[in-house]
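Breakdown of the fold
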Amino acid sequence: MIDRHPDRLALAERIGAIAIDDRNGDHVDQVLDFTEGAGADRGCEYMGYQCHDSAGREVPNTTMNDLVKSVRATGGLGVVGAFVPEDPGGDDELAKKGEIAFDFGAFWNKGLAMGTGQANVKAYNRQLCRLIQLDRAQPSFIVSHECSLEEAPEAYEHFDKRDVGWTKVVLKPGMSAGSKSTGKAGAVANTGAKGSKATKSHAHAHGTK
């Protein structure tokens, strides 16, 4: 899991992921180091066209090209971040047309596979809800705050600014303002051995919004 926000990295470690802080050096190099140069088996792009560099400049192709560098030959990429057909306010001509400068040559040469698109919610929602009911899945660990609808603008502002501790907000109709609860996210270090199978399983390209 690649990010630069300590609270989010702590959540990743809590569920057994290896947290890579890109403030500590190039994240691609760190992934390759953890996997003894091979690259991760799979990579997930979760930011989309709004990813940007550390200076705040939007660079839509950053995470995609970093994934190509970070994933081993014949590995797979999952692209769940939003990429739009056009972005009139984009910084360059390609972005305005919904296109990116993708390193297809390296992608092809490594024999990578890619899956993209919006989540097919209806295909999985009943199964996932059942897993939660049976206590086999506990996605609520990521929820940091519960707020009323009236507090939604304030909550979104905190989330959008990446304020510490604001990882996921649940809005509850009928909940009175001022009675919001805050979840406490713990962290358990679980980095694993360098080059281990667990280490090689996933790498998530990061992009901050």
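Notes on the confidence of the model for the protein
Looking at the protein, the pLDDT average stands at 84 and 85% of residues meet or exceed 70. For the protein, the element scoring lowest by mean pLDDT is helix α8 (residues 197–200), at 33; helix α5 (residues 104–109) scores highest, at 98. Below a pLDDT of 50 lies the segment residues 183–209, which in the model reaches 75 contacts outside its immediate sequence neighbourhood of four places, other chains included.

Observations regarding the pairing of strand β3 (residues 40–45)
Across five bridges, β3 lies against strand β4 (residues 71–79) in parallel orientation. The residue of β4 that forms the bridge with Arg 42 is Gly 76. Between the parallel elements β3 and β4, the chain passes through helix α3 (residues 62–70) in a crossover that is right-handed.

Considerations on the side chain of Asp 3
Checked against the element boundaries, Asp 3 lands in strand β1 (residues 2–3). Here Asp 3 is buried and forms no salt bridge, its nearest opposite-charge partner Arg 8 lying at an N-O distance of 4.5 Å. Only 3.2 Å separates the side chain of Asp 3 from the backbone nitrogen of His 5, close enough to count as a polar contact.

Focus on the layout of surface pockets
Estimates place the volume of the second largest pocket at around 210 Å³. Taken together, Met 64, Val 79, Gly 81, Ala 82, Phe 83, Gly 98, Glu 99, Ile 100, Met 114, Thr 116, Gly 117 and Gln 118 make up the full set of residues lining the second largest pocket.

Looking at the pattern of salt bridges
Taken as a whole, this structure holds seven salt bridges when the rule is applied. Among the salt bridges present, the one from Arg 4 reaches Asp 22, with a minimum N-O distance of 3.0 Å. Remark: Asp 22 occurs in the loop between β2 (20–21) and α2 (27–34) and Arg 4 occurs in the loop between β1 and α1 (6–14); sequence separation between them is 18 residues. Note on accessibility: Arg 4 and Asp 22 belong to one class, buried. One salt bridge connects Lys 172 with Glu 146, and the closest N-O pair in it is separated by 3.3 Å. In this pair, Lys 172 sits in the loop between β7 (169–171) and β8 (181–182) while Glu 146 sits in strand β6 (residues 145–147), placing the two residues 26 residues apart along the sequence. Of the residues examined, Lys 172 reaches a relative accessible area of 35% and is grouped as partly exposed. Glu 146 sits in the partly exposed class, given a relative accessible area of 25%.

Regarding the packing of α2 against α3
Direction vectors running N to C along α2 and α3 enclose 25°, while the axes themselves pass 9 Å from each other. When the axis of α2 is compared with that of α3, the two are roughly parallel. Every pair of crossing elements has a handedness; the one defined by α2 and α3 is right-handed. In contact with His 27, Val 28, Val 31 and Leu 32 of α2, α3 contributes Asp 66, Lys 69 and Ser 70.

Details of the nonpolar core
Among the nonpolar cores identified, the biggest contains six residues, and these are Leu 67, Val 68, Val 71, Leu 77, Phe 107 and Leu 112. Of all the secondary structure elements, the ones that give two or more residues to this core are α3 and β4. If sequence neighbours within four positions are ignored, Val 71 has contacts with Ala 38, Gly 39, Ala 40, Asp 41, Arg 42, Gly 43, Gly 76, Leu 77, Lys 110 and Leu 112. With five residues, the next largest nonpolar core counts Ile 2, Ile 18, Ile 20 and Ala 40 among its residues.

What to know about unusual backbone geometry
In the Ramachandran plot, Thr 74 falls in the positive-phi region, its phi being about 70° despite a non-glycine side chain. Structurally, the position occupied by Thr 74 is in strand β4. Positive phi, normally seen in glycine, also occurs at Arg 162, with a value near 60°. Inspection of the secondary structure puts Arg 162 in the loop between α7 (152–160) and β7. Judged by relative accessible area, which is 16%, Arg 162 ranks as buried.

Thresholds applied
- Residues numbered from 1 in each chain as written.
- Predicted model: local features only at pLDDT ≥ 70, side-chain atom pairs only at ≥ 80, totals over all residues.
- Heavy atoms only, no water.
- pLDDT = per-residue confidence, 0-100.
- Helix = DSSP H or I, 4+ residues; strand = E, 2+ residues; numbered from the N terminus.
- Contact = heavy atoms within 4.5 Å.
- Pairing = 2+ DSSP bridges.
- Right-handed = clockwise from strand over helix to strand, strands pointing away.
- Buried < 20%, exposed > 50% of the residue type's maximum accessible area, 1.4 Å probe, protein only.
- Lys, Arg positive; Asp, Glu negative; His and termini not counted.
- Salt bridge = Lys/Arg side-chain N within 4 Å of Asp/Glu carboxyl O.
- Polar contact = N/O pair within 3.5 Å; in protein donor to acceptor, adjacent residues only side chain to side chain.
- 1 Å grid on protein atoms, 1.4 Å probe; cavity = no way out; pocket = protein on both sides within 12 Å on 5 of 7 lines; lining within 4 Å.
- Points joined across faces, edges and corners; volume = space filled by probe spheres on them.
- Axes fitted to C-alpha atoms, helices over the stretch in contact; angles between N-to-C directions.
- Parallel < 35°, antiparallel > 145°, perpendicular 65-115°, else oblique.
- Left-handed = near helix turned anticlockwise from the far one by under 90°.
- Core = buried A, V, L, I, M, F, W, Y, C linked by side-chain atoms within 4.5 Å.

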